[in-house]
Every structure is written in C-alpha cells, then in structure tokens.
Amino acid sequence: MSRTDRGSRAMHQALPPPLRDAVDDFAEHLSRVRNRSGHTVRAYVTDVVSLLDHAVRMGCVELAELDLSVLRSWLARQRTTGAARTSLARRAASARAFSAWAHRAGLLPSDVGAALASPRAHRELPTVLRADQAAALVEAPARPAAEPPSASAETAAAEAVPLRDRVLLELLYATGVRISEACGLDIGDVDHGRRVIRVFGKGGRERSVPYGVPAQRALDDWLRRGRPALVGDHSGNALLLGARGGRLNPTTARQVVGAYAEAAGLPRTSPHGLRHSAATHLLEGGADLRAVQELLGHSSLASTQIYTHVSVERLRAAYRQAHPRA
C-alpha cells in the first residue's frame, strides 16, 4: 500500500460514522451500479474522503451541511498546495459525482456540486509515431524478446514470448484498444472469420473493433505455436499470457512496448502512444471522426477531436517545410 493510500485510509477512518458510511455506500455504487474499474473507484473515493475531511475541519458534522462554499474552499486549498490543473479538474469531477449521488440517495437536500466550476484541464497534443515508426515497432519482436524468460523456462516457452509480444503490438496498433482492454481479451473475443475483436471498455461498454491481415497472421502464429507453450493451470481463457502462464499483466505489457521501442531506436512509446498513433493515422487516411470515436470507445466526440489537432499540426509542419512562402 502506498503512502497516499495509507493516508487516505487513516483519513477515512477518522471521519464521523455517518460520513464514513456515505463514502462506503458511494464506493459500492460506483463499483456495482456504475461498473467502474477498481482504479477509478479508488481515485474517486480518495478525493471524496479528502473533501469530507476538509468539511469536518470547517465544522460540518453531518453530510446535509455540505454546501457549495465547502466544495469551493476544498478546491481552493488543493490549488494553494500545488495541485495541477488536471488534478483539480478530476477532484472537482469527483465532488460533483458524489454530490449528485448523495442528493439522489436523499443524503443531501440539493445537488450542491452541480454549480461547482473547475479549471479546464490542459490537454497536451499526444505524441504519435509516424507510420513507418509504428511498423518498425510492431515488427520488432522478430528480434530478441523484450521480456527475457527465466533460466528454468523451456525452449518452446522462450520462443513463445516473442510471438506473444508480436500479437500484443499488432493488436494495440491495429485496433487502438487500451492496454487494459487488450490484456482483458479472452480467446472467445476474437472472431477470426470477420477479423473483429470484442472489447469491453470503460463502464463495461462492449464494442467490436476490426483488425487487419498482419494482426491476423500474428494471432494465428501465437495461437498455434506460442500460447500452447505458455498455457498453464491459471491461464483460463485469457488470450494473452505472461511468461508464467497467467493472464498478461498490463504493467508487463507496458514494459514490453517500451523495451521494444527503445531497442528499435524509436521515441519513448507506451501502449497509449500506439493508441494515439492508430487514431491519428486513421484520420490522416480519411477515416470519419465518428467512426474513429466508435473504434476507440470514446463516450464523447470531444475526446476524439484531439486527434484532429494532431493532424493539423502535422499539416502545418509540412506546409512550413515545403511551401516557398510559408
């Protein structure tokens, strides 16, 4: 447990029982009703615990006493302690979500968070690879594996890891899925006939995403020669496996992507960088923005529109370099 988690746990335990119970009920609502991931639930709960701790310090002993001035005071305190704009925006969103839930649950007489404004998070343009760089990355597992097998691993298992790495990289770039979505794939989620994978994204939303011939070849090699060499008692139906036979962990997958990018002499790259690259290359190739939104699993078109800015920046760079009167 990190120091932040321990501090939040202690702060939670120090809250008056009614406020502590409200936090617990809110966490259960996020997990069971909203189907939020464990990471998201922890982030929201940490923010709400901080908010209620601040409210208690301001004299609130019951949740019904929480008002807009307390919310604004809490955010102002976060700002003075050096919280980044992105953090402030997230914490304000947590406060609004908690306030809306508490009002619906009858714990607040009104939704006091609805009027809470927050700094607009600064969104930097994502770093993307060129098409040739992305191709070099997904083809990199033809060279030595980024995740060396243990000394006791058999030769077949050692040869399976590069096949796993290749299909991981191919799927990330071909489909633009999140790393958690890729690692969560089961064998049954792959439709080989239509070359489509079934993905369960944020909030448990299901979508179908197509992939191309190179990814299909990588999948065939992995399922025929790679996965059988790594499969074990804990493999289940997981499509991608770690070196010990369990489902591939997102942390390991991130290390794999970064290691191959470094070995290939490419800019520092993460799975999310491949997602950015896939979206940008689709738009530059003429794909419709709403189609890209559907492929990426964005709930809002605004999340997808950032990739149009990337394409415009590339267009400007090409113009400045090529036009005689740029």
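Residues numbered from 1 in each chain as written. Predicted model: local features only at pLDDT ≥ 70, side-chain atom pairs only at ≥ 80, totals over all residues. Heavy atoms only, no water.

Student: Lay out the environment of H281 with the relevant residues and their values.
Tutor: Note on placement: H281 falls in helix α11 (residues 271-284). C-alpha separation for the pair H281 and Y173, spaced 108 residues apart in sequence, amounts to 10.0 Å. (Helix = DSSP H or I, 4+ residues; strand = E, 2+ residues; numbered from the N terminus.)

Student: Which residues make up unusual backbone geometry, and what values go with them?
Tutor: The backbone of N35 sits at a positive phi, close to 55°, despite the residue not being glycine. Take N35: it is sitting in the loop between α2 (17-33) and α3 (38-57).

Student: Could you give me a rundown of the nonpolar core, with the residues and numbers involved?
Tutor: Residues L137, L168, L172, I197, W222 and L239 are the most contacted members of the largest nonpolar core, which totals 40 residues. Looking at this core, the elements with two or more residues in it are α6 (131-138), α7 (155-175), α8 (179-183), β2 (196-200), α9 (213-230) and α10 (250-263). For I197, the residues in contact, after removing those within four places along its chain, are T175, V177, L185, D189, V190, R207, S208, V209 and Y211. Membership of the second largest hydrophobic core comes to 33 residues, among which are L52, A55, L68 and W74. (Core = buried A, V, L, I, M, F, W, Y, C linked by side-chain atoms within 4.5 Å. Buried < 20%, exposed > 50% of the residue type's maximum accessible area, 1.4 Å probe, protein only. Contact = heavy atoms within 4.5 Å.)

Student: Can you break down the confidence of the model for the protein residue by residue, with the values?
Tutor: Caution is warranted with low-pLDDT regions, since their predicted coordinates should not be read in detail. The pLDDT averaged across the protein works out to 84; a share of 83% of its residues lies at or above 70. Across the protein, the element-wise mean pLDDT spans from 63 in helix α13 (residues 301-322) up to 94 in strand β1 (residues 190-191). Here residues 143-153 scores under 50 on pLDDT; set against residues more than four positions off or in separate chains, the count is 18 contacts. (pLDDT = per-residue confidence, 0-100.)

Student: Describe in detail the environment of A253, supporting the description with residues and values.
Tutor: With respect to the secondary-structure elements, A253 resides in helix α10. For A253 and P271, which are 18 residues apart along the polypeptide, the C-alpha to C-alpha distance reads 8.0 Å. Every residue in contact with A253, bar those within four places of it in the chain, is listed here: L168, I179, C183 and L248.

Student: Tell me about α11, and name the residues and values.
Tutor: With 14 residues, α11 should cover 20 Å at 1.5 Å per step; its first-to-last C-alpha distance of 20 Å lies within 8% of that length. The element α11 is extensively covered by neighbouring structure, given that eleven of its 14 residues are classed as buried. G286 sits one or two residues past α11 and shows a positive phi near 105°. (Expected span 1.5 Å × (residues − 1).)

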